[in-house]
Number of protein chains: 10
Amino acid sequence: MINTREDVTQMIVAAKVAKGIQWKDVANEIGLSKEWTTAACLGQMTFNKQQAEVIGNLFDLPDEAVAWLQISPYKGSLSTAIPTDPLIYRWYEVVNVFGTTIKELIHEEFGDGIMSAIDFSMDIQREEDPKGDRVNVVLSGKFLPYKSY
Amino acid sequence: MINTREDVTQMIVAAKVAKGIQWKDVANEIGLSKEWTTAACLGQMTFNKQQAEVIGNLFDLPDEAVAWLQISPYKGSLSTAIPTDPLIYRWYEVVNVFGTTIKELIHEEFGDGIMSAIDFSMDIQREEDPKGDRVNVVLSGKFLPYKSY
Amino acid sequence: MINTREDVTQMIVAAKVAKGIQWKDVANEIGLSKEWTTAACLGQMTFNKQQAEVIGNLFDLPDEAVAWLQISPYKGSLSTAIPTDPLIYRWYEVVNVFGTTIKELIHEEFGDGIMSAIDFSMDIQREEDPKGDRVNVVLSGKFLPYKSY
Amino acid sequence: MINTREDVTQMIVAAKVAKGIQWKDVANEIGLSKEWTTAACLGQMTFNKQQAEVIGNLFDLPDEAVAWLQISPYKGSLSTAIPTDPLIYRWYEVVNVFGTTIKELIHEEFGDGIMSAIDFSMDIQREEDPKGDRVNVVLSGKFLPYKSY
Amino acid sequence: MINTREDVTQMIVAAKVAKGIQWKDVANEIGLSKEWTTAACLGQMTFNKQQAEVIGNLFDLPDEAVAWLQISPYKGSLSTAIPTDPLIYRWYEVVNVFGTTIKELIHEEFGDGIMSAIDFSMDIQREEDPKGDRVNVVLSGKFLPYKSY
Amino acid sequence: MINTREDVTQMIVAAKVAKGIQWKDVANEIGLSKEWTTAACLGQMTFNKQQAEVIGNLFDLPDEAVAWLQISPYKGSLSTAIPTDPLIYRWYEVVNVFGTTIKELIHEEFGDGIMSAIDFSMDIQREEDPKGDRVNVVLSGKFLPYKSY
Amino acid sequence: MINTREDVTQMIVAAKVAKGIQWKDVANEIGLSKEWTTAACLGQMTFNKQQAEVIGNLFDLPDEAVAWLQISPYKGSLSTAIPTDPLIYRWYEVVNVFGTTIKELIHEEFGDGIMSAIDFSMDIQREEDPKGDRVNVVLSGKFLPYKSY
Amino acid sequence: MINTREDVTQMIVAAKVAKGIQWKDVANEIGLSKEWTTAACLGQMTFNKQQAEVIGNLFDLPDEAVAWLQISPYKGSLSTAIPTDPLIYRWYEVVNVFGTTIKELIHEEFGDGIMSAIDFSMDIQREEDPKGDRVNVVLSGKFLPYKSY
Amino acid sequence: MINTREDVTQMIVAAKVAKGIQWKDVANEIGLSKEWTTAACLGQMTFNKQQAEVIGNLFDLPDEAVAWLQISPYKGSLSTAIPTDPLIYRWYEVVNVFGTTIKELIHEEFGDGIMSAIDFSMDIQREEDPKGDRVNVVLSGKFLPYKSY
Amino acid sequence: MINTREDVTQMIVAAKVAKGIQWKDVANEIGLSKEWTTAACLGQMTFNKQQAEVIGNLFDLPDEAVAWLQISPYKGSLSTAIPTDPLIYRWYEVVNVFGTTIKELIHEEFGDGIMSAIDFSMDIQREEDPKGDRVNVVLSGKFLPYKSY
């Protein structure tokens with residue numbers, strides 16, 4: 001029985017390993033970016049009915065799982081406050097080491113406010129480089145100003 | 001007396017507030033990006049002798065502080081493991097919500113390894129948008145593969 | 001010497017105790033709500049130049065402090081992740097006990113997304129009640145939807 | 001076998017997903033607010049016998065579950081002290097950033113004491129707004145003064 | 001300079017050690033219980049003007065400190081979430097070991113709700129006993145029921 | 001299979017819900033206070049053989065469970081260091097806010113030492129009050145002095 | 001000015017380093033064991049008037065410090081819940097690795113209860129051994145049984 | 001199926017409760033101290049083949065479990081960093097309150113180094129005492145000096 | 001069903017215990033070092049297809065498990081931030097006690113940067129020594145410099 | 001005034017920055033390895049009288065500081081349980097990712113026991129490599145077996 005969205009995420013990941021499916025192919029099937037699609041498959045975003053059915057077919061999910069995919073999930077994909085996986089930790093390290101820098105430069109350009117993590121998109125690409133290829137990530141978030149009232 | 005690099009950081013920040021200096025102007029003075037320069041002023045990077053002296057002049061620092069700027073600092077700019085400031089927290093949220101997505105997509109493209117946080121650069125720009133301007137951030141890090149031995 | 005915005009907050013609070021000033025009178029002086037004004041005096045919001053000078057006069061602050069009031073502060077007003085003060089704890093308890101309820105009902109009405117804590121206002125009023133007066137708080141935040149891309 | 005109230009909560013949530021029930025319809029069935037009803041279904045409040053039976057019918061629960069619904073539950077709906085879900089986190093952020101402000105203004109109006117989280121109600125509504133609809137939340141809690149003795 | 005109520009608490013405690021004053025004598029001076037008086041002197045309760053002046057005289061406090069005594073303090077008297085001092089730890093242990101017992105028995109007698117920690121009093125007495133004297137503590141708190149709405 | 005005392009506690013609680021048994025009736029059956037009996041049923045105290053058999057009959061426990069009831073359990077009834085349930089939290093709050101007060105007054109009366117949490121008893125009663133009934137709790141613990149050697 | 005017992009502890013430790021005093025000599029001066037005496041000097045026990053004066057003379061303490069030595073201190077000598085110092089960590093490790101063993105064997109011999117940490121003494125001796133001398137520690141604590149009531 | 005040594009520990013403890021075996025009798029069977037034997041049965045030490053078979057017979061363990069008993073286990077017997085069980089907590093309290101004392105006295109006698117927790121033994125005995133029997137524990141650990149190199 | 005790489009790790013470890021296989025023999029079978037091979041079997045590294053099949057044969061794993069061995073795992077092999085097992089804790093202690101030393105000496109030799117934990121290898125050998133054999137570990141990691149940009 | 005060994009460490013580090021001294025030169029002056037010398041200067045090891053005087057001369061320390069250098073310090077050089085500095089974090093990551101591997105291989109070679117962190121030495125060297133120089137670290141620790149008794 002399916003009790004939580006996490007159960008559905010485990011079913012998707014297990015099917016992906018067994019069938020050898022690629023995330024970019026899943027993205028093509030539902031016609032959206034690989035970043036949003038992967039996040040949604042990993043239980044962080046909400047599919048609409050049509051998308052959920054495509055996902056259900058691709059990963060052979062039962063109807064109950066397809067229903068869960070359309071429910072806004074409890075988000076948060078890490079099991080500890082500080083990630084232990086080296087790839088994810090490096091991102092946490094960037095926030096830790098450069099956090100105050102990011103804050104200063106956004107405030108200098110925009111004033112007091114934040115960069116939205118909701119009206120937000122991300123694009124991850126390989127950048128070829130003779131000294132070793134690089135991971136190139138573009139983050140784009142709407143600036144939301146604090147207002148006085 | 002100066003006991004730690006943090007003492008120097010506080011002197012720089014206090015002088016910046018008092019004199020109304022902008023980070024981008026500091027960057028121009030030492031001829032490097034505003035991102036690296038700000039991080040270094042905030043105690044996360046090491047200046048060379050010439051750069052340290054420029055910084056010393058700009059912020060009226062004593063010689064002792066200029067010497068500290070040339071020492072590799074103990075890094076980490078946040079006072080709690082989970083940041084309380086909303087602007088910085090949104091970045092932590094991105095790592096928390098999209099961490100496994102980032103991991104999956106980098107592994108799909110590159111295999112097992114990480115995106116370096118050392119051979120790494122960042123560029124923060126305003127992106128004009130009629131629905132509200134956006135913060136556009138490009139992160140570039142060398143891919144480092146795990147090897148077997 | 002002033003090293004952080006917290007130093008300014010302590011100066012304001014100490015002056016407020018010594019002079020017996022009320023927050024609502026401070027709010028009247030700068031022509032904004034008592035909620036925003038108090039948050040700003042307690043180091044959570046950024047004053048513009050004119051407002052900062054009014055605050056400086058009211059609390060007899062030095063020029064350096066007035067400059068700090070115009071800098072976007074590192075936000076977060078509590079010294080522990082779970083507040084120990086009973087009044088503030090009750091609010092944390094509301095988030096803990098009703099957090100999933102709030103989430104369900106906002107998603108039921110609006111779909112996946114959040115209630116902004118930036119494009120946000122708060123109004124605190126006394127509600128007279130023969131069984132004991134009540135604290136009435138209205139929170140208003142823009143709904144921000146997650147979008148696929 | 002049902003060992004805890006959480007088991008009942010999972011049964012309700014799974015049935016809700018499978019049947020596509022809305023919380024406001026559940027509230028109508030038992031004749032109370034959607035806020036209290038949802039909190040109770042999510043394991044934070046105690047139903048009386050009649051209400052529990054209505055809930056049991058709506059969600060096809062076994063008798064054992066209906067008995068559990070009438071037992072005062074161990075409350076607390078979050079799995080971590082600081083919530084990871086962005087919607088719920090924003091509420092935690094409000095407590096963190098505005099906590100001292102709320103404290104100051106309630107004390108200024110009422111003296112020393114707290115706003116009750118027990119003799120408490122909440123009302124969540126959509127507020128239409130041309131710049132984007134808003135979530136409007138009214139919290140009402142009895143003021144409880146500290147007394148000397 | 002006095003920046004926080006804690007500064008005043010330290011002044012009171014230091015003066016108490018130096019002058020050899022007893023808490024019960026302080027209580028007699030202001031005509032209230034030794035429990036409330038001690039809590040207030042230790043920075044957990046708010047004195048009115050007359051009481052604050054008595055305290056000021058007893059402990060030779062400056063006017064500024066007397067003003068602070070009349071401000072509702074940020075409460076919480078322990079420096080760690082789990083107390084290290086054995087006497088205080090034993091109380092934490094009682095909550096830890098008997099917490100669910102207390103919860104069950106109050107609910108059995110009163111239904112769902114809490115025992116108030118605000119409309120609350122405490123009385124600590126010596127109980128003579130040939131097998132070793134006992135500490136006898138009476139806690140009295142108003143029962144506050146959860147209501148549906 | 002029963003692996004821990006907690007398994008037995010869950011069996012008792014589930015049977016209690018199903019059969020609608022009251023703790024005070026359980027206490028009558030074994031001829032001890034409702035406080036000790038409830039704590040023991042909730043896995044915090046050790047029953048002797050005769051008591052364990054009475055409990056086994058009342059809750060229809062298997063022989064294996066009756067054997068576990070006679071083993072000194074690993075104590076501690078809360079799942080987090082700071083309790084999330086509001087009723088139990090209020091007790092934690094009392095320790096947090098009044099902890100240093102309790103310490104001062106016991107030391108003033110008895111000298112250095114502690115109030116035992118082992119040679120300890122508790123009595124919870126309803127106190128009728130026209131302004132709202134109160135929960136009255138008497139805690140009695142032997143004073144144990146530190147000795148020099 | 002002396003604000004806390006910790007200030008007195010620091011004065012004693014600094015004087016001890018400067019004068020090269022040994023703890024066993026301090027113990028001889030006040031006629032008690034080196035274990036109790038050291039604990040008391042390090043701020044964990046309460047001296048009586050006569051003992052405090054001896055300590056005051058030995059370490060050249062001001063009268064105010066001698067008064068503090070006679071006040072029951074807030075106990076706990078470690079700055080983190082898990083000690084970082086290797087010598088002290090080994091003791092924590094013993095509790096962690098052998099904790100359940102100690103519990104089982106004391107219960108097997110004595111029944112349910114605890115070994116007191118108040119009616120408690122400790123004796124630390126060198127045990128000569130050709131394979132390397134050993135530290136021999138004898139801990140003696142009164143057994144305190146839980147009783148039913 | 002047995003996945004971890006903990007599974008074996010649970011099998012031993014459950015069998016011990018069901019059969020009413022005493023740890024000292026187990027120790028006699030394998031001819032070692034009750035302290036080492038109990039620690040090993042509780043998953044903290046490694047049995048050799050012969051010992052493991054004796055344990056297997058005593059507790060009716062399957063062959064797979066007997067194989068696990070001969071594997072060096074991941075050690076640590078407590079489920080929280082600070083133990084909640086009162087008996088074990090008292091030992092933690094001793095480390096917390098007397099930790100710096102133990103450190104000072106071992107260094108005074110032996111110089112810089114530690115008392116080994118590996119080349120270590122423990123002996124727990126009842127000490128009869130007319131004022132109440134005592135638990136007497138002797139800890140013996142080799143002193144290991146830090147050396148310069 | 002296999003849901004995570006940890007499930008595969010448990011299958012490998014259980015099979016290893018049952019069959020009495022040695023890690024060095026596994027390493028020989030796949031022709032790599034015992035350090036990398038063990039880490040990979042314990043779920044920290046990614047096998048290629050051929051290696052995974054060898055592992056599958058050695059430990060009698062189902063096809064599904066062999067597929068999982070070829071997926072980059074979520075890394076991190078410890079269940080707590082500070083390890084409880086004494087052998088692993090000693091390594092944590094080395095980082096804690098010598099961390100700043102390692103940092104200073106690498107910076108003195110190489111300038112600002114890090115020693116890679118990705119382009120990294122480890123070799124563990126027995127070093128015979130008449131005073132007791134030693135564990136000799138060689139760690140080799142590429143130096144990665146921070147660059148300005 | 002010097003209250004703790006940390007005060008001395010700060011004096012040494014500040015003098016080192018001001019004078020531009022290298023750790024390897026300090027090591028030469030006292031005739032020991034750069035690893036031990038640096039650790040001792042950073043407050044983790046104990047100098048003998050002669051060494052302490054050399055250090056005192058090199059860094060112009062007052063006599064009081066030279067006395068402190070000869071006292072066994074409270075060890076632990078990091079301010080958080082998980083280090084934030086990237087260089088030191090990589091070492092923590094090695095323990096986290098390879099901890100169970102190290103444990104398995106040492107047990108496979110030596111049986112149950114630990115690698116000592118006391119009878120321990122470390123050697124850090126540059127290893128030239130055309131693909132980028134490497135940091136080469138040799139750790140050597142005596143194997144200490146657990147014994148039964």
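Residues numbered from 1 in each chain as written. Chains lettered and ligands numbered in written order. Predicted model: local features only at pLDDT ≥ 70, side-chain atom pairs only at ≥ 80, totals over all residues. Heavy atoms only, no water.

So, on to the overall build of chain A. The helix and strand tally for chain A stands at six helices and two strands. Mapped in sequence order, the helices and strands of chain A form the string α-α-α-α-α-α-β-β. Relative to all contacts within chain A whose residues are 6 or more apart in sequence, the contacts with residues 24 or more apart total 52%. Counting only carbon and sulfur atoms, one obtains 48% of the accessible surface of chain A, whose full area is about 5,400 Å². The averaged location of the 21 negative side-chain charges in chain A is 1 Å from the averaged location of its 14 positive side-chain charges. (Helix = DSSP H or I, 4+ residues; strand = E, 2+ residues; numbered from the N terminus. Contact = heavy atoms within 4.5 Å. Areas by Shrake-Rupley, 256 points an atom, 1.4 Å probe, with all protein chains shown as cover. Lys, Arg positive; Asp, Glu negative; His and termini not counted. Charge placed at Lys NZ, Arg CZ, Asp CG, Glu CD.)

Another aspect to go through is the relation of the copies chain J and chain I. The transformation that overlays chain J on chain I combines an axial shift of 0.0 Å with a rotation of 180 degrees, and the residual RMSD is 0.0 Å. The superposition of one copy onto the other is thereby described by a two-fold rotation axis. If distances are taken from each C-alpha of chain J to the rotation axis, the shortest is found for J:V138, at 2.3 Å. Here 100% of the interface residues in chain J have copies in chain I that are interface residues too; the copies meet face to matching face. (Least-squares fit on C-alpha atoms with pLDDT ≥ 70 in both.)

Here the focus is unusual backbone geometry. For E:D60, which is not glycine, the phi torsion reads 55 degrees and is therefore positive. Take E:D60: its relative accessible area is 56%, and that puts it in the exposed class. (Buried < 20%, exposed > 50% of the residue type's maximum accessible area, 1.4 Å probe, protein only.)

Here, the residues flagged by UniProt with the feature "active site" (unreviewed entry) are A:R90, A:E93 and A:S116. Inspection of the secondary structure puts A:R90 in helix α6 (residues 86-110). The class for A:R90 is buried, based on a relative accessible area of 2%. Along the polypeptide, A:E93 turns up in helix α6. By relative accessible area, A:E93 is classed as buried at 2%. When residues no more than four places from it in sequence are discounted, the contact partners of A:E93 are A:F98, B:A117, B:I118, I:Y146, J:P86 and J:R90. (UniProt positions renumbered as here; feature names shortened; annotations may be inferred.)

As a further point, take the environment of G:D63. By secondary structure assignment, the location of G:D63 is in helix α5 (residues 63-68). Counting along the chain gives 43 residues from G:D63 to G:I106, while the straight-line C-alpha distance between them is 45 Å.

With that out of the way, let us pick up the sheet that holds strand β1 (residues 113-127) of chain G. Strand order in the open sheet formed by four strands is β1(G)-β2(G)-β2(H)-β1(H), with antiparallel pairing between adjacent strands. The open sheet has two edge strands, β1 of chain G together with β1 (113-127) of chain H, and neither has a second partner. If you compare each strand with its neighbour and ignore which way they point, the axes differ by 20 degrees on average. Sheet strands touched by helix α6 (residues 86-110) of chain H: β1 and β2 (134-145) of chain G together with β1 and β2 (134-145) of chain H. Its angle to β1(G), the strand with the most contacts, is close to 20 degrees. (Pairing = 2+ DSSP bridges. Axes fitted to C-alpha atoms, helices over the stretch in contact; angles between N-to-C directions.)

Attention shifts here to the sheet that holds strand β1 (residues 113-127) of chain D. A sheet is described by the order of its strands in space; here four strands give the open sequence β1(C)-β2(C)-β2(D)-β1(D), paired in antiparallel fashion. Two strands bound the open sheet, and with one partner strand each, they are β1 (113-127) of chain C together with β1 of chain D. The average angle at which neighbouring strand axes cross in this sheet is 20 degrees, direction not considered.

In this structure, the second largest pocket occupies an estimated 810 Å³ of space. Forming the walls of the second largest pocket are 32 residues, and the residues nearest its centre are D:D119, D:K142, D:L144, E:K142 and E:L144. Contributions of two or more residues to the lining of the second largest pocket are made by β1 and β2 (134-145) of chain D together with β1 (113-127) and β2 (134-145) of chain E. (1 Å grid on protein atoms, 1.4 Å probe; cavity = no way out; pocket = protein on both sides within 12 Å on 5 of 7 lines; lining within 4 Å. Points joined across faces, edges and corners; volume = space filled by probe spheres on them.)

For an α-helix the count is 3.6 residues per turn, leaving residues at separations of three or four pointing the same way. All names here are of chain A. The largest bend along α6 measures about 65 degrees and falls at F98. For α6, the tally of buried residues reaches 22 of 25 residues, placing the bulk of the element in the interior. You can read the cap of α6 off the contacts: a side-chain oxygen lies 3.1 Å from the backbone nitrogen of L87, and it is on D85. Immediately beyond the C-terminal end of α6, within one or two residues, lies G111, with a positive phi of roughly 90 degrees. (Bend = angle between axes of the 7 residues up to and from the residue. Polar contact = N/O pair within 3.5 Å; in protein donor to acceptor, adjacent residues only side chain to side chain.)

Turning next to the packing of helix α3 (residues 34-41) of chain G against α6(H). Closest axis-to-axis distance for the α3(G)/α6(H) pair is 9 Å, and the angle between their directions is 120 degrees. As judged from the angle between their axes, α3(G) and α6(H) are oblique. Handedness of the α3(G)/α6(H) crossing: right-handed. In this structure, α3(G) uses G:K34, G:E35, G:T38 and G:A39 to contact α6(H), whose residues at the interface are H:F98, H:T101, H:E104 and H:L105. Considered class by class, the residues forming the contact of α3(G) with α6(H) number three nonpolar, two polar and three charged. (Parallel < 35°, antiparallel > 145°, perpendicular 65-115°, else oblique. Left-handed = near helix turned anticlockwise from the far one by under 90°. Nonpolar A, V, L, I, M, F, W, Y, C, P; charged D, E, K, R; others polar.)

Before going further, it helps to spend a moment on the relation of the copies chain H and chain F. When chain H is fitted onto chain F, the two copies agree to an RMSD of 0.0 Å after a turn of 72 degrees and an axial shift of 0.0 Å. A rotation of that kind, with that shift, is consistent with a five-fold axis. Considering only C-alpha atoms, the part of chain H nearest the rotation axis is H:T80, at 8.3 Å.

Each partner contributes residues to the interface: chain J has 68 residues there, and chain I has 68 residues. For the pair chain J and chain I, the summed buried surface comes to about 6,700 Å²; carbon and sulfur atoms form 65% of the total. Inspection of the chain J/chain I interface yields six salt bridges. Close ionic contact of I:R126 with J:E109 constitutes a salt bridge, the shortest N to O distance being 2.8 Å. At the level of secondary structure, the elements contributing two or more residues to the side of chain J that touches chain I comprise α2 (23-30), α3 (34-41), α6 (86-110), β1 (113-127) and β2 (134-145) of chain J. If one sorts the elements of the side of chain J that touches chain I by residue count, α6(J) sits on top with 24 residues. Classifying every residue of the side of chain J that touches chain I gives 33 nonpolar, 16 polar and 19 charged. (Buried area = accessible area lost by both parts, 1.4 Å probe. Salt bridge = Lys/Arg side-chain N within 4 Å of Asp/Glu carboxyl O.)

On to the interface of chain H and chain F, then. The interface of chain H with chain F comprises twelve residues on the first partner and 13 residues on the second. Surface buried jointly by chain H and chain F totals about 1,100 Å² across both partners, of which 62% is contributed by carbon and sulfur atoms. Taken together, chain H and chain F are joined by zero salt bridges. Counting across the interface, chain H meets chain F through three residue pairs in polar contact (both at pLDDT 80 or more).

Considering all chains together, one arrives at 100 salt bridges over all chains under this definition. Between J:E53 and J:K49 there is a salt bridge, with the nearest N and O atoms lying 2.8 Å from each other. Here J:K49 and J:E53 lie together in helix α4 (residues 49-59), a separation of four residues that amounts to about one turn. Given the relative accessible area of 37%, J:E53 is considered partly exposed. The class for J:K49 is exposed, based on a relative accessible area of 52%. Through salt bridges with shared partners, a single ionic network connects A:E109, B:R126 and B:D133.

Further remarks concern the domain arrangement of chain A. Along its sequence, chain A is organised into domain 1 (5-68) and domain 2 (86-145). Between the C-alpha centres of domain 1 of chain A and domain 2 of chain A the distance comes to 26 Å. (Domains from an automatic or database assignment.)

Turning our eyes to something else, we now look at the packing of aromatic side chains. Working definition: an aromatic ring pair is given by the centre-to-centre distance plus the angle between the planes. The full count for this structure, using the stated rule, is 50 aromatic pairs over all chains. Arranged with centres 5.6 Å apart and planes meeting at 90 degrees, the rings of A:W36 and A:F47 form a pair that is edge-to-face. Separated by eleven residues along the polypeptide, A:W36 in helix α3 (residues 34-41) and A:F47 in the loop between α3 and α4 (49-59) bring together distant segments of the chain. Each member of the pair A:W36 and A:F47 is classed as buried. Judged by centre distance (5.7 Å) and plane angle (50 degrees), the ring pair of C:Y89 and C:Y92 falls under tilted. Here C:Y89 pairs with C:Y92, and both are found in helix α6 (residues 86-110), just three residues apart, close to one helical turn. What makes C:Y92 buried here is its relative accessible area of 3%. (Phe/Tyr/Trp six-rings, centres within 6.5 Å; stacked < 30°, edge-to-face > 60°.)

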